[in-house]
Amino acid sequence: MKLIHTADWHLGQCFHGQSRHNEHHDFLDWLLETLSERQPDALLIAGDIFDVINPSMAAQALLYDFLIKAHERLPQLTIVMIAGNHDSGTRVELPAPLLRRLNTHALGRILWHDSGEPDVDRLIVPLPDRHGVIRAWCLALPFLRPAEVTGAPDEVALSDTSQASETAPRTAGDRYVRGMVRVHEALFEAGIQKRAPGQALIAMSHAHLHGASVSEHSERPIVIGGEESLSASLFPAEVAYVALGHLHKPQRVGSDHIRYSGSPLAMDFSETHYPHQVLEVTLEGEHVNEVTSLPIPRSVAMHRVGPSSLDEVLDALAGTDFLDDTQTDLPREKWPWLDVRVILKAPRVDLRPLIEKALKGKAVRLVSITTRMAQPPAPEQRGESLDTLGPAELFARTWAREFGDAPPDEVMQDVQALLQTLHDDESSEDTP
């Protein structure tokens, strides 16, 4: 049996204010051709389907057009997709009854029984082969928000001071991780009981695992400053393969069968130095036989010039042809993206006009100019800007400046909880 694992499409992403619709269109066309060529039995999409919780109509059209075409080409293909932290679980699940006609399972939320137990049965999806024989089960767990897992009855009891113990969660982050682990374990237990001998178990989750490598700028922390990361040991030995989403860099975590497929497009200039891919997973019975990387061609190039002095940057821009001789007739939407980084001796109000003059007549789209002063900054300021500092860090530094010391842990926990509440409130207001 053969699976394709992909994640973090971020359809509808605005790249420095510019649309990437054509790049996503090219990727989905490539994926359709790859599905036709490789003939997998299932396609797993491990979250962050869209870039924002309220995606544009154009972004939604890309997804649904792809699903229809994939079903037309491979009627027996099973597609399983889960919501990520950028997605609205409600929006992902809204068309689920219609998508089932396309052999597509859309899972966006965790539901709970009146008993306080998570409803994990709805998250277990059969994966038949092309002959209709169930060869595997997908344990598909969408991104879990704190409000979804920290309010379960036993979690509330554990957090009560009258029942506090050494093992009870002490912070919002502890309760969140405990809630996530509880749901994962319940799902794995149900999957192990459901599968028959010879059938493989495939786990799919949108989460951050301990030790995984995060991209420089483009990945939004899921919640509570990294306290939400999970251990790879959470996945039992009975699980043949773990298809992960959230981190944009393709990587293994702890074991060869626990994988982030990575994002199909570089979401930022910091992500251009590693390849982008989908993963083809071949199963033999209950086990993985082979995992193959299928590189995704980059339809639009991304260039970075600098960091260098202004004169060096201007010379480099003037002397660079960003398209080769075979690309001179490319339409503007195919022109490369350009990031320029300049080291200045003093502020220059004419910086942008000088850069634009050096680029005059060149087929390239300038989307970012970053500057820093040649004078070495203080250690705590080195390489930092408002763009790279989050609201929690800004709060902590302001507190330290006003009161002469770092804020207490309980204050920072309140700040992080407030930030997450604001993010969850945005997610809860997106029902179409």
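In this report, the structure presented in the accompanying data block is examined. Since the model is a prediction, treat every value here as computed from it, not as a measurement. (Residues numbered from 1 in each chain as written. Predicted model: local features only at pLDDT ≥ 70, side-chain atom pairs only at ≥ 80, totals over all residues. Heavy atoms only, no water.)

Helix and strand counts for the protein come out as 11 helices and 17 strands. Within the protein, the proportion of its 432 residues that are buried is 49%. Roughly 20800 Å² of accessible area belongs to the protein as shown, and the carbon and sulfur atoms make up 50% of that amount. (Helix = DSSP H or I, 4+ residues; strand = E, 2+ residues; numbered from the N terminus. Buried < 20%, exposed > 50% of the residue type's maximum accessible area, 1.4 Å probe, protein only. Areas by Shrake-Rupley, 256 points an atom, 1.4 Å probe, with all protein chains shown as cover.)

This paragraph deals with the sheet that holds strand 15 (residues 302-309). Taken together, the three strands give an open sheet; going across it, the order is 15-16-17, and neighbouring strands pair in parallel fashion. Edge positions in the sheet fall to strand 15 and strand 17 (365-373), since each of these pairs with one other strand and no more. On average, adjacent strands in this sheet sit at an angle of 15° to one another, irrespective of strand direction. Across eight bridges, the pairing between strand 16 (residues 337-344) and strand 17 is parallel. Looking at strand 17, one finds that Asp339 is bridged to Ser368. (Pairing = 2+ DSSP bridges. Axes fitted to C-alpha atoms, helices over the stretch in contact; angles between N-to-C directions.)

At a minimum axis distance of 8 Å, the contact between helix 8 (residues 310-318) and helix 9 (residues 351-358) shows a crossing angle of 30°. Classed by the angle they form, the pair helix 8 and helix 9 counts as roughly parallel. Contacts from Leu310, Leu314, Leu317 and Ala318 of helix 8 reach helix 9 at Leu351, Leu354, Ile355 and Ala358. Here the residues of the contact of helix 8 with helix 9 sort into eight nonpolar, no polar and no charged. (Parallel < 35°, antiparallel > 145°, perpendicular 65-115°, else oblique. Contact = heavy atoms within 4.5 Å. Nonpolar A, V, L, I, M, F, W, Y, C, P; charged D, E, K, R; others polar.)

Take Lys2: it is sitting in strand 1 (residues 2-6). By relative accessible area, which is 22% here, Lys2 ends up partly exposed. Aside from chain neighbours lying at most four places away, what touches Lys2 is Arg38, Pro40, Asp41, Ala42, Glu280, Val281 and Thr282.

With that out of the way, let us pick up empty space enclosed by the protein. Inspection of every chain in the model, using the stated rule, returns three cavities of 30 Å³ or more. By volume, the largest cavity amounts to about 60 Å³. Forming the boundary of the largest cavity are His25, Leu28, Asp29, Leu32, Leu62, Asp65, Phe66 and Lys69. The set of elements that each furnish at least two residues to the lining of the largest cavity consists of helix 1 (21-38) and helix 2 (57-73). Each residue belonging to the lining of the largest cavity can be placed in one class, and the counts come to four nonpolar, one polar and three charged. Quantified by volume, the second largest cavity comes out at close to 40 Å³. Together, Leu141, Pro142, Phe143, Leu144, Met180, His184, Ser205, His206 and Ala207 line the second largest cavity. Where the lining of the second largest cavity is concerned, the elements lending two or more residues are helix 7 (172-194) and strand 9 (200-206). (1 Å grid on protein atoms, 1.4 Å probe; cavity = no way out; pocket = protein on both sides within 12 Å on 5 of 7 lines; lining within 4 Å. Points joined across faces, edges and corners; volume = space filled by probe spheres on them.)

A few words on unusual backbone geometry. The peptide bond linking Gly306 to Pro307 adopts the cis configuration, its omega dihedral lying at 5°. In this fold, Pro307 is placed in strand 15. Within the chain, His10 stands out as a residue other than glycine whose phi angle is a positive 55°. Secondary-structure assignment places His10 in the loop between strand 1 and strand 2 (14-15). The exposure class assigned to His10 is buried, which follows from its relative accessible area of 1%. A positive phi is found at Asp48, a non-glycine position, where the angle reads about 50°. Structurally, Asp48 is set in the loop between strand 4 (42-45) and helix 2.

Attention shifts here to the sheet that holds strand 10 (residues 239-245). Across the sheet, which stays open at both edges, the six strands sit in the order 7-8-9-10-12-11 with mixed pairing between neighbours. What marks the edges here is a single partner per strand, and that holds for strand 7 (124-128) and strand 11 (251-252). Where strand 7 meets strand 8 (residues 134-141), five bridges bridge the pair, whose relative direction is antiparallel. Directly across from Val125, in strand 8, lies its bridge partner Cys138.

Residues Leu3, Leu127, Ile202, Met204 and Leu209 are the most contacted members of the largest nonpolar core, which totals 55 residues. Top contributing element to this core by residue count: helix 7, with seven residues. Filtering out sequence-adjacent residues up to four positions away, Leu127 remains in contact with Met1, Leu3, Ala42, Thr78, Val80, Val133, Ile134, Arg135, Ala136, Trp137, Cys138 and Ile202. Ranked by size, the runner-up nonpolar core spans 34 residues in total, among them Phe27, Leu32, Phe50 and Val278. (Core = buried A, V, L, I, M, F, W, Y, C linked by side-chain atoms within 4.5 Å.)

The subject of this paragraph is the packing of aromatic side chains. Counted by the stated rule, this structure contains six aromatic pairs. Their ring planes at 75° and their centres at 5.6 Å tell us that Trp9 and Phe27 sit as a pair that is edge-to-face. With Trp9 in the loop between strand 1 and strand 2 and Phe27 in helix 1, this residue pair connects regions lying 18 residues apart in the sequence. Centre to centre, the rings of Trp9 and Phe66 are 5.5 Å apart; their planes meet at 90°, and the pair counts as edge-to-face. Here Trp9, found in the loop between strand 1 and strand 2, pairs with Phe66, found in helix 2; they are 57 residues apart in sequence, far enough to count as distant. Taking the relative accessible area as the measure of exposure, Phe66 reaches 2% and is therefore buried. An aromatic cluster is defined as three or more aromatic residues linked by ring pairs; in this entry it consists of Trp9, Phe27, Trp30 and Phe66. Over the aromatic face of Phe15 sits the side chain of Arg20, whose NZ or CZ is 4.6 Å from the ring centroid. Directly above the aromatic system of Trp337 lies the positively charged group of Arg365, at a separation of 3.7 Å from the ring centroid. (Phe/Tyr/Trp six-rings, centres within 6.5 Å; stacked < 30°, edge-to-face > 60°. Lys NZ or Arg CZ within 6 Å of the ring centre and 35° of its normal.)

This next bit is on the pairing of strand 16. Burial runs high along strand 16: six of the eight residues are buried. Bridge analysis of strand 15 against strand 16 gives six bridges, and the strand direction is parallel. The residue bridging His303 from the neighbouring strand is Leu338, located in strand 16. Traced from strand 16 through helix 9 to strand 17, the parallel crossover comes out right-handed. (Right-handed = clockwise from strand over helix to strand, strands pointing away.)

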